Amino acid sequence: DAATGTSTAYEGNNALFGHKYVTQAFRNLGLGSNVLDANGNLKDINGNTIVDDFPAGTLTPGFPGFSLQPQYALGYTADMLEAGVPVVYAYINTPHRPVSLNPYGYGFPSDPGDYGPGEAHYVQTLKQYDDSFSKFFTRLAKDGITPENTLFMIMAEEGDHVIAANPTNPGCDGVNTPCTYGNTVGNEVGELNLNFRGLLQAEAGISTPASVNSDDAPDIYLTNNPGPNDPSLRAFERASSMLTATNPISGATDTIAQNMANPVEFQMLHMKTFDPLRTPSFTMFANPDYFITGSTVCGTSTTPATSCVTQQPGFAWNHGDVQPEITTTWLGMVGPGVVPAGVDHTTWSDHTDVRPTMLTLLGLKDDYSHEGRALVEKFKGWAQPSAVKKGGSFVPLAQALKQITAPVGPLGLASLHASTVALKKGNPQDDSTYTGIENQLASFTAERDTLVAQIQPLLEAAESDGTPIPDSTADTLIQQAANLLSRVQAYASGLQ
């Protein structure tokens, strides 16, 4: 309400928060024994009472905990759908991470850390996932909840990069022959922890106070938040770009920083929020074998490249970075109006497309603007918006949008290369190369944002309001997007 400053759009609706109250609601509904045990605790997809084992040795009946095994997540999801909840979201733990053994034999208690590719327990865990999904869909079908009347969307949030040497039994395939990994250097599984500030001080003499969030692509905040042209920040960035370490698995000398971005590039990659206190001084997208920490303490070796790196067998799959094995993931969907096309390796999309796709398929709309677009080429018959049926401009224009606005699309990756060169270049006496690249990136981003502001409303109006996109308008915008992409790629390719 513009007059009062309050919103009335969501008044009169009820919400239920917290596992405790969800369980109580199920009890009040009088759901059957496939949902609740004799004590009123939730059951998993196998019909066993859900238990949490955190803290270790303390079992809490009915509570699933944080790292949801598929037996728990899918059982809980089925319970909610059967209780009449129309929209359910669920999370399932990654299968390469061992889960604690519970009373029903899920998990492997002797496993100390992440599995390597093809390890026996990894394969057995995946079989548990397959079994849980099979029971989930079979159970829902008995309730009349099927792809004929329900939309199912299953996806991975991101891919992972595995840090492991070759198996000790070459030729293993993980199916017929399980892979094995030894416990000696050269045959290990486990990410490489790097004490970033300790290495930076040892190799470059940089001791500027900074906060480093532990990650494969750490955000780095210099104390007192110096400006982008501040000499202390620029020295910190240049030194960070040149750090090297000795890989304890391969013995190779690795350059740690593979890409770098600061607030100018954040704007291009949609990494900048409205809160300036959350904006890092810069982000370093590291070699994916390494998990970067802010520690200043390294080992006793006189060689920092060795002493600042330790292998951690508990974690062997890194994510949150920009490498293709991490950013290339998948979306599976089945339901009313979805074309049963099988595996599609050609349609380019990202997570921002899930929401508009779901709302368009379900015939819903709200007052939030989208960052993505509906994947209408995967719709059939009545599900395709009328505006899409009336003209052929929607899909080409939507594809053009993704090319220039997706963070790991071709324009985003080209600009990230340019940003990396900028942060690496220069010296205290002459930082003109850095300044020139930064100014050009800011100009490209402004042009991109102006173009997106013209394209996005046209797509949303076609998806939800039935407004066709004129071919002439779409053609002009598509050409402008292609021209911008070509110029950014040409500019970035000329920078070394």
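Each remark here, short or long, concerns the structure printed above.
Everything quoted here is computed from the prediction, not taken from an experiment.

Student: Report on the state of the cysteines, specifying residues and quantitative values.
Tutor: Considering all chains together, one arrives at 2 disulfides under this definition. Note on cysteine connectivity: cysteine 172 is disulfide-linked to cysteine 179, with sulfurs 2.0 Å apart. Sign of the S-S torsion, about 100° for the bond between cysteine 172 and cysteine 179, identifies this disulfide as right-handed. The side chain of cysteine 298 participates in a disulfide bridge whose partner is cysteine 308; the two sulfur atoms lie 2.0 Å from each other. Sign of the S-S torsion, about 100° for the bond between cysteine 298 and cysteine 308, identifies this disulfide as right-handed. With cysteine 298 in the loop between β12 (290-293) and α7 (304-307) and cysteine 308 in the loop between α7 and β13 (309-312), the pair connects residues that are 10 residues apart, well separated along the chain. According to the relative accessible area criterion, cysteine 298 is partly exposed, its value standing at 24%. Across the protein, the disulfide pattern expressed with sequentially numbered bonded cysteines is 1-2, 3-4.

Student: Got a sec to walk through the sheet that holds β12? Specific residues and values, please.
Tutor: With respect to topology, 3 strands assemble into an open sheet ordered β12-β5-β13, the strand pairing being mixed. Taken across any chain shown, the strands that pair with only one partner, and hence form the sheet edges, are β12 and β13. The average angle at which neighbouring strand axes cross in this sheet is 30°, direction not considered. Pairing of strand β5 (residues 191-195) with β13, which is carried by 4 bridges, proceeds in the antiparallel orientation. When the bridges of β13 are listed, leucine 194 appears paired with valine 309.

Student: An account of unusual backbone geometry is requested, with residue identities and associated values reported.
Tutor: The phi torsion at asparagine 224 lies on the positive side, around 70°, for a residue other than glycine. Tracing the backbone through its elements, the reader meets asparagine 224 in the loop between β7 (219-222) and α5 (231-241). Even without being a glycine, asparagine 225 presents a positive backbone phi close to 50°. With respect to the helices, strands and loops of the structure, asparagine 225 is situated in the loop between β7 and α5.

Student: Outline the nonpolar core, listing residues and values.
Tutor: In terms of nonpolar packing, the biggest core is built from 71 residues, with Phe196 and Met284 touching the most fellow members. Counting residues per element, this core draws most heavily on helix α13 (residues 432-464), which supplies 9 residues. Apart from the residues within four sequence positions on either side, phenylalanine 196 is in contact with Val212, Ile220, Phe236, Ser240, Leu243, Met284, Ile292, Thr293 and Ser295.

Student: Any details on the packing of aromatic side chains? Residues and values, ideally.
Tutor: Inspection of the entire model under this criterion finds 9 aromatic pairs. Between phenylalanine 236 and phenylalanine 282 the ring centres are 6.1 Å apart and the planes differ by 65°, which places this aromatic pair in the edge-to-face class. Here phenylalanine 236 is found in helix α5, whereas its partner phenylalanine 282 is found in strand β11 (residues 282-286), with 46 residues between them in sequence. Residue phenylalanine 282 is classed as buried on the basis of its relative accessible area of 0%. Three or more aromatic residues joined by ring pairs make a cluster, and in this case those are Phe133, Phe136, Phe137 and Phe152. Here arginine 234 stacks its cationic end above the ring of tyrosine 434, 3.8 Å away from the centre of that ring.

Student: So what's going on with the sheet that holds β11? Which residues, and what values?
Tutor: Within the open sheet, the 4 strands sit side by side as β6-β7-β11-β10. Their pairing is antiparallel. In this open sheet, the two strands that pair with only one neighbour each are β6 (210-212) and β10 (257-261). On average, each strand axis in the sheet is tilted by 25° relative to the strand beside it, whichever way the strands run. Summarising the sheet, β6 and β7 pair through 3 bridges and their orientation is antiparallel. Residue pairing in the sheet places serine 211 in a bridge with tyrosine 221 of β7.

Student: Any chance you could break down the pattern of salt bridges for me, citing the residues and the numbers?
Tutor: One pass over the full model with this rule turns up 15 salt bridges. With its nearest N and O atoms 2.7 Å apart, the salt bridge here joins aspartate 431 to arginine 234. Residue aspartate 431 is located in the loop between α12 (410-424) and α13, and its partner arginine 234 is located in helix α5; the two are separated by 197 residues in the primary sequence. Judged by its relative accessible area of 1%, arginine 234 falls in the buried class. Residues lysine 402 and aspartate 350 are paired through a salt bridge, measuring 2.7 Å at the closest nitrogen-oxygen approach.

Student: An account of the packing of α12 against helix α14 (residues 471-493) is needed here, citing residue identities and associated values.
Tutor: Put simply, α12 and α14 touch, their axes get as near as 9 Å, and they point 30° apart. Between α12 and α14, the crossing angle belongs to the class labelled roughly parallel. Two packed elements cross with a definite hand, and for α12 against α14 that hand is left-handed. Of the residues in α14, those in contact with Pro410, Leu411, Ala414, Ser415, His417 and Ala418 of α12 are Leu484, Leu485, Val488, Gln489, Tyr491 and Ala492. When its residues are assigned to classes, the contact of α12 with α14 shows 9 nonpolar, 3 polar and no charged.

Here is what the cut-offs are and how they apply
- Residues numbered from 1 in each chain as written.
- Predicted model: local features only at pLDDT ≥ 70, side-chain atom pairs only at ≥ 80, totals over all residues.
- Heavy atoms only, no water.
- Disulfide = S-S within 2.5 Å.
- Helix = DSSP H or I, 4+ residues; strand = E, 2+ residues; numbered from the N terminus.
- Buried < 20%, exposed > 50% of the residue type's maximum accessible area, 1.4 Å probe, protein only.
- Pairing = 2+ DSSP bridges.
- Axes fitted to C-alpha atoms, helices over the stretch in contact; angles between N-to-C directions.
- Core = buried A, V, L, I, M, F, W, Y, C linked by side-chain atoms within 4.5 Å.
- Contact = heavy atoms within 4.5 Å.
- Phe/Tyr/Trp six-rings, centres within 6.5 Å; stacked < 30°, edge-to-face > 60°.
- Lys NZ or Arg CZ within 6 Å of the ring centre and 35° of its normal.
- Salt bridge = Lys/Arg side-chain N within 4 Å of Asp/Glu carboxyl O.
- Parallel < 35°, antiparallel > 145°, perpendicular 65-115°, else oblique.
- Left-handed = near helix turned anticlockwise from the far one by under 90°.
- Nonpolar A, V, L, I, M, F, W, Y, C, P; charged D, E, K, R; others polar.

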